[in-house]
Amino acid sequence: FGQKVVLITGCSSGIGLRIAVTLARDEKKRYHVIATMRDLKKKDKLVEAAGDAYGKTLMLLPLDVCSDESVRQCIDNVKDRHIDILINNAGVGLLGPLESISIEEMKRVFETNFFGVVRMIKEVMPDMKKRRSGHIVVMSSVMGLQGVVFNDVYTASKFAMEGFCESMAVQLMKFNIRLSMIEPGPVHTEFETKMMEDVAKMEYPGADADTVRYFKDVYLPSSIDIFEAMGQTPEDIANCTKKVIESNSPRFRNLTNSLYTPIVALKYADETGGLSVNTFYNLLFNFGPLMHITMSILKCLTCSCLRRRTISPN
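- As annotated in an unreviewed UniProt entry, the protein chain carries the name Retinol dehydrogenase 8-like and comes from Salarias fasciatus.

This is how it looks when you write it as structure tokens:
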């Protein structure tokens, strides 16, 4: 067969589900997909989307990336522990004024978004090193490159991941193992929609009235604008991911949304950080209505020079 074994974390919905289905339904049947999720009771949506690929090119395993034991057991259940491509997709979000978020909640985000990925890499890396082959893909975010107000802890977890992978990539290269980051901007998933609805209704004990107002009346509406103007679909991200794993020389960083290239460029244009901090401040607090118009213009202005620097889903 020569099928590549692909293990994907966080497949019960959204991006993970879409990547699993896209690879399992590959026309040339190049992939044997092991789709994992914490709770197999949530498998119905995936099984339905996979259709006749389920049981043939797609199988399911339970996996909780926050547990050493669960990670070990999952990989032990793979034939010869052989994984060609590991796609780390499991992740959780956290949004809101810092004062109202407990340290425990923050640790939970890091436990999944950072240590969860580290656990997976530690578990599959020795075998990949022995074989001198493999590809590790990490679902990062534009927020791993640029901080976003009121996403402080989520951003921090993605920055940690980016730094970890940047360091690992050098060592892995010596063993002929590739490491790629996928960096989406906003993606329309149930996860995002539900989070936006929930945070708008919540109380924020511990945060002062001004901060809560900035969050609910300034940040959230502009965030929804951005989502509507710039949002991609889980299918887009799955197609980008497929391109990355099929490339002969995959890039280390893969922004999926060319509209974000200028935002990341601000950071490199001024290493003191002043330019990006001030730009975001002005966009949010001084040019709110302008932001709305800018989003509409940006939709029309995705020029080819920006597209070249991203991996496009089409």
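## Some points on the UniProt feature "active site" (unreviewed entry) in the protein chain
- Sites flagged by UniProt as "active site" (unreviewed entry) map to Y154.
- A residue is classified by how much of its surface remains accessible, and Y154, at 17% relative accessible area, is buried.
- With sequence-adjacent residues up to four places away left out, Y154 is seen in contact with V92, G93, L94, V109, N113, S141 and M143.

## Examining empty space enclosed by the protein
- Summed over the entire model, instances satisfying the criterion amount to one cavity of 30 Å³ or more.
- Volume-wise, the largest cavity comes out at about 40 Å³.
- Considering the residues around the largest cavity, the lining is formed by N88, N89, A90, G91, N113, V117, M139, K158 and M161.
- Of all the elements in the fold, those that place two or more residues in the lining of the largest cavity are α4 (103-131) and α5 (152-174).
- The class makeup of the residues in the lining of the largest cavity is four nonpolar, four polar and one charged.

## Description of the environment of E123
- Examined against the element boundaries, E123 turns out to sit in helix α4.
- The sequence separation of E123 and C74 amounts to 49 residues, and the corresponding C-alpha distance is 10.0 Å.
- Those residues within four positions of E123 in sequence are excluded, and the remaining contacts are V71, R72, I75 and R81.
- At 2.5 Å, the side chain of E123 forms a polar contact with the side chain of R81.

## Observations concerning the side chain of K158
- You can see K158 is positioned in helix α5.
- Buried charge without a partner: K158 forms no salt bridge, and the closest opposite charge is E162, 8.2 Å away.
- In this structure the side chain of K158 is engaged in a polar contact, spanning 3.0 Å, whose partner is the backbone oxygen of M139.
- What K158 contacts, discounting residues up to four positions off in sequence, is N113, M139, S140, S141, M143 and G144.

## Some words on the packing of helix α3 (residues 68-76) against α4
- Their axes nearest at 10 Å, the elements α3 and α4 cross at an angle of 40°. When the axes of α3 and α4 are compared, the pair comes out oblique. Both α3 and α4 take part in a crossing whose hand is right-handed. Residue-level inspection shows D68, V71, R72 and I75 of α3 in contact with α4, the latter providing R119, M120, E123 and V124.
- Here the contact of α3 with α4 is built from residues that sort into four nonpolar, no polar and four charged.

## Structural notes on the pairing of strand β5 (residues 134-139)
- Counting buried positions over the six residues of β5 gives six, a clear majority of the element.
- Neither face of β5 is open: one carries G134, I136 and V138, the other H135, V137 and M139, and all of them are buried.
- Pairing analysis gives four bridges linking strand β4 (residues 85-88) to β5, with the strands arranged parallel. Paired with N88 across the strands is V138, a residue of β5.
- Pairing between β5 and strand β6 (residues 177-183): six bridges, direction parallel. Paired with I136 across the bridge in β6 is L179.
- At this point the chain moves from β5, through α5, to the parallel β6, and the crossover so formed is right-handed.

Procedures and definitions
- Residues numbered from 1 in each chain as written.
- Predicted model: local features only at pLDDT ≥ 70, side-chain atom pairs only at ≥ 80, totals over all residues.
- Heavy atoms only, no water.
- UniProt positions renumbered as here; feature names shortened; annotations may be inferred.
- Buried < 20%, exposed > 50% of the residue type's maximum accessible area, 1.4 Å probe, protein only.
- Contact = heavy atoms within 4.5 Å.
- 1 Å grid on protein atoms, 1.4 Å probe; cavity = no way out; pocket = protein on both sides within 12 Å on 5 of 7 lines; lining within 4 Å.
- Points joined across faces, edges and corners; volume = space filled by probe spheres on them.
- Helix = DSSP H or I, 4+ residues; strand = E, 2+ residues; numbered from the N terminus.
- Nonpolar A, V, L, I, M, F, W, Y, C, P; charged D, E, K, R; others polar.
- Polar contact = N/O pair within 3.5 Å; in protein donor to acceptor, adjacent residues only side chain to side chain.
- Lys, Arg positive; Asp, Glu negative; His and termini not counted.
- Salt bridge = Lys/Arg side-chain N within 4 Å of Asp/Glu carboxyl O.
- Axes fitted to C-alpha atoms, helices over the stretch in contact; angles between N-to-C directions.
- Parallel < 35°, antiparallel > 145°, perpendicular 65-115°, else oblique.
- Left-handed = near helix turned anticlockwise from the far one by under 90°.
- Pairing = 2+ DSSP bridges.
- Right-handed = clockwise from strand over helix to strand, strands pointing away.

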